[in-house]
Amino acid sequence: MAFWRSKKTNESGPENEGLDPATSEPAAEPATDKAAGGGIFSKITGGLQKTRRVLGTDIRDLFKSEGRLVDEDFLGELFARLIRTDMGTGPANKIREEVGRQYRGRVVHLDEVIQTITEEIRSQLRQDHGGLTKSDSPPTVILVVGVNGSGKTTSIGKLSHHLHANGHSLVLGAGDTFRAAAVEQLTIWAGRIGCEIVTGKSGADPASVAYQTVDKAIEVGADYAIIDTAGRLQTQSNLMQELEKIRKVIDKRLPGSPHEVLLVLDATAGQNAISQAKGFSAAAGCTGIVLAKLDGSAKGGVVLPIREQFQLPVKFVGLGEGMQDMAAFDPDSFADALLKG
Ligand SMILES: Nc1nc2c(ncn2[C@@H]2O[C@H](COP(=O)(O)OP(=O)(O)OP(=O)(O)O)[C@@H](O)[C@H]2O)c(=O)[nH]1
Ligand SMILES: [Mg+2]
């Protein structure tokens, strides 16, 4: 299975496509991914180890081999275990209700309940716009935002690696000009991938670096321009205004851009990631979420309230620090990886 998969929901219209809007075929699997021997399912399953351990073990503990009567006690215990993954009370309640509706008063076996929970999670995660937006006339401009240390630069590296491995040309923009180390970090990624990068002097106006990045991408005919930004809190109004300025100058150079504003959330932050998403999605005009560091978190359930409370689709999940440790978010694989296997 491809690392990067056009989802069924994305095959109906150009704006909903995966990487390549010209085709509804899944993107070609990069050789590197094959070499790693991992399909998307095993990748996600591996990345969700910590959450799986909490959720799977906890739910299995509820059962004896002969099955268990589904009564209010059972449903209460199930609920308590579900929310330990940071999925929040809303989604956990819906799962409890569905299990109660199907099995109340009956003795059930673990597999039946796991199946019902998986289906309920799948349906809660379903989304229409999972793929990366691609502009009809290149370059597609992607701005990457989020709080400090959420995984922005690393996610750009991984995304760029994948795009490049699939034959797309790209220009990176080191829009985090606050720290020399940030420019260095992105420069190392560009070197590894073998793509162009635009950097400004230390302390340069990030908006001017963003402008030059788009300019360069247009000049060289690149397919993508991907712009890094410094970490910030949604409460820092001056820094949020700076994002607004970045957006404006990009739009000036290439009207209609940025085509994507990806908000990178740190999955280890669990429910805190939700409040970050709230502030950012309004202030920065975000179009999608990258949920980074799922591998380091037992709070992978947080993707449910993210889907519940935001109109924003989850586009990618980060599953490690390596170049290939990212996957397109697919609700079905994700739900299966949480509970099955
Ligand atoms: N395990 C794991 N670590 C990750 C992942 N994504 C990023 N990291 C690590 O998290 C740390 C912060 O990542 P960065 O990409 O530098 O985060 P950032 O948002 O660019 O940080 P600032 O620019 O300082 O705001 C680094 O040590 C990364 O290697 C992931 O998916 N899994
Ligand atoms: Mg960074």
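Residues numbered from 1 in each chain as written. Chains lettered and ligands numbered in written order. Predicted model: local features only at pLDDT ≥ 70, side-chain atom pairs only at ≥ 80, totals over all residues.

### What about the overall build of the chain?
On a plain count of helices and strands, the chain comes out with 13 helices and 10 strands. Counting every position in the chain, which comprises 341 residues, the buried fraction comes to 52%. Taking the contacts inside the chain whose residues are at least 6 apart along the sequence as the reference set, 76% of them involve residues at least 24 apart. (Helix = DSSP H or I, 4+ residues; strand = E, 2+ residues; numbered from the N terminus. Buried ≥ 20, exposed ≤ 12 C-beta atoms within 10 Å, placed from the backbone. Contact = placed C-beta atoms within 7 Å.)

### A short note on the UniProt feature "domain: SRP54-type proteins GTP-binding" (unreviewed entry) in the chain
Under the present numbering, the feature "domain: SRP54-type proteins GTP-binding" (unreviewed entry) in UniProt falls on residues 313–326. The span residues 313–326 shows a helical share of 0% and a strand share of 43%, and its end C-alpha atoms are spaced 16 Å apart. (UniProt positions renumbered as here; feature names shortened; annotations may be inferred.)

### What to know about helix H4 (residues 72–83)
Taking 1.5 Å per residue as the helical rise, H4 with its 12 residues ought to reach 16 Å, and the 17 Å between its terminal C-alpha atoms agrees with that figure. Turning to H4, its buried residues number three or more, namely Phe74, Leu78 and Leu82. Mapping the buried residues of H4 onto a view down its axis gives an arc of 70°, with all of them on the same face. The outward face of H4, more than 90 degrees from its buried face, is lined by the exposed residues Glu72, Asp73 and Gly76. On its buried face, H4 is in contact with strand S1 (68–69) and helix H5 (89–103). (Expected span 1.5 Å × (residues − 1). Arc of directions from axis to C-beta.)

### Points about helix H7 (residues 152–165)
Taking 1.5 Å of rise per residue, the 14 residues of H7 would be expected to cover 20 Å, and the 20 Å separating its terminal C-alpha atoms lies within 8% of that figure. Counting buried residues along H7, 14 of its 14 residues qualify, which places the element largely inside the surrounding structure. Phi turns positive, to about 85°, at Gly167, one or two residues after H7.

### Digging into the sheet that holds strand S4 (residues 170–173)
With mixed pairing, 8 strands are arranged side by side in an open sheet as S5-S4-S6-S3-S7-S8-S9-S10. Where the open sheet ends on each side, the last strands, each with one partner, are strand S5 (196–198) and strand S10 (326–328). Here the average twist between neighbouring strands, direction ignored, is 25°. Where strand S7 (residues 260–266) meets strand S8 (residues 288–292), 5 bridges bridge the pair, whose relative direction is parallel. If you follow Leu262 over to S8, its bridge partner there is Gly288. The strands touched by helix H11 (residues 271–283) within the sheet are strand S3 (140–145), S7 and S8, with S7 carrying the most contacts at an inclination of about 160°. (Pairing = 2+ DSSP bridges. Axes fitted to C-alpha atoms, helices over the stretch in contact; angles between N-to-C directions.)

### Quick notes on the pairing of S3
Counted residue by residue, S3 has 6 buried out of 6 residues, so it is predominantly covered. Neither face of S3 is exposed, since Thr140, Ile142 and Val144 on one face and Val141, Leu143 and Val145 on the opposite face are all buried. Sheet topology note: the S3/strand S6 (residues 224–227) ladder contains 4 bridges and is parallel. Following the sheet pairing, Ile142 is matched in S6 by Ile226.

### Thoughts on the packing of H4 against H5
Here H4 crosses H5 at 145°, and the two axes come no closer than 9 Å. For the crossing formed where H4 meets H5, the hand is right-handed. Of the residues in H5, those in contact with Leu75, Leu78, Phe79, Leu82 and Ile83 of H4 are Thr89, Ala92, Ile95, Arg96, Val99 and Gly100. Each residue belonging to the contact of H4 with H5 can be placed in one class, and the counts come to 8 nonpolar, 2 polar and 1 charged. (Left-handed = near helix turned anticlockwise from the far one by under 90°. Nonpolar A, V, L, I, M, F, W, Y, C, P; charged D, E, K, R; others polar.)

### Let's talk about the nonpolar core
With 86 residues, the main nonpolar core has Leu172, Ala225, Ile226 and Leu291 as its most contacted residues. Ignoring anything within four residues of it in the chain, the contact list for Ile226 reads Ile142, Val144, Ile156, Leu159, Ser160, Leu170, Leu172 and Gly173. (Core = buried A, V, L, I, M, F, W, Y, C linked by C-beta atoms within 7 Å.)

### Describing the packing of H7 against helix H8 (residues 180–193)
Remark: H7 packs on H8, axes separated minimally by 10 Å, with the N-to-C direction vectors making an angle of 15°. In this view, H7 runs roughly parallel relative to H8, as classed from their interaxial angle. The two elements H7 and H8 cross, and the hand of that crossing is right-handed. Residues Thr153, Ile156, Gly157, Ser160, His161 and His164 of H7 pack against Ala182, Gln185, Leu186, Trp189 and Ile193 of H8. Partitioned by chemical class, the residues of the contact of H7 with H8 number 5 nonpolar, 6 polar and no charged. (Parallel < 35°, antiparallel > 145°, perpendicular 65-115°, else oblique.)

### Notes on the environment of Ile246
Of note, Ile246 is situated in helix H10 (residues 237–253). By C-beta crowding, Ile246 is classed as buried, having 26 other C-beta atoms within 10 Å. Distance from Ile246 to Thr229, taken between C-alpha atoms, is 9.4 Å for residues 17 residues apart in sequence. Residues in contact with Ile246, not counting those within four places in the same chain, are Leu143, Gly175, Pro206, Ala207, Ala210 and Thr229.

### Some points on unusual backbone geometry
Looking along the chain, the bond that leaves Pro138 and enters Pro139 is cis, with omega of 5°. Looking at where Pro139 falls in the secondary structure, it is placed in the loop between helix H6 (110–125) and S3. The backbone of Asp86 sits at a positive phi, close to 65°, despite the residue not being glycine. Here Asp86 falls in the buried class, since 26 other C-beta atoms lie within 10 Å of it. For Lys293, which is not glycine, the phi torsion reads 65° and is therefore positive. In this fold, Lys293 is placed in the loop between S8 and helix H12 (303–309).

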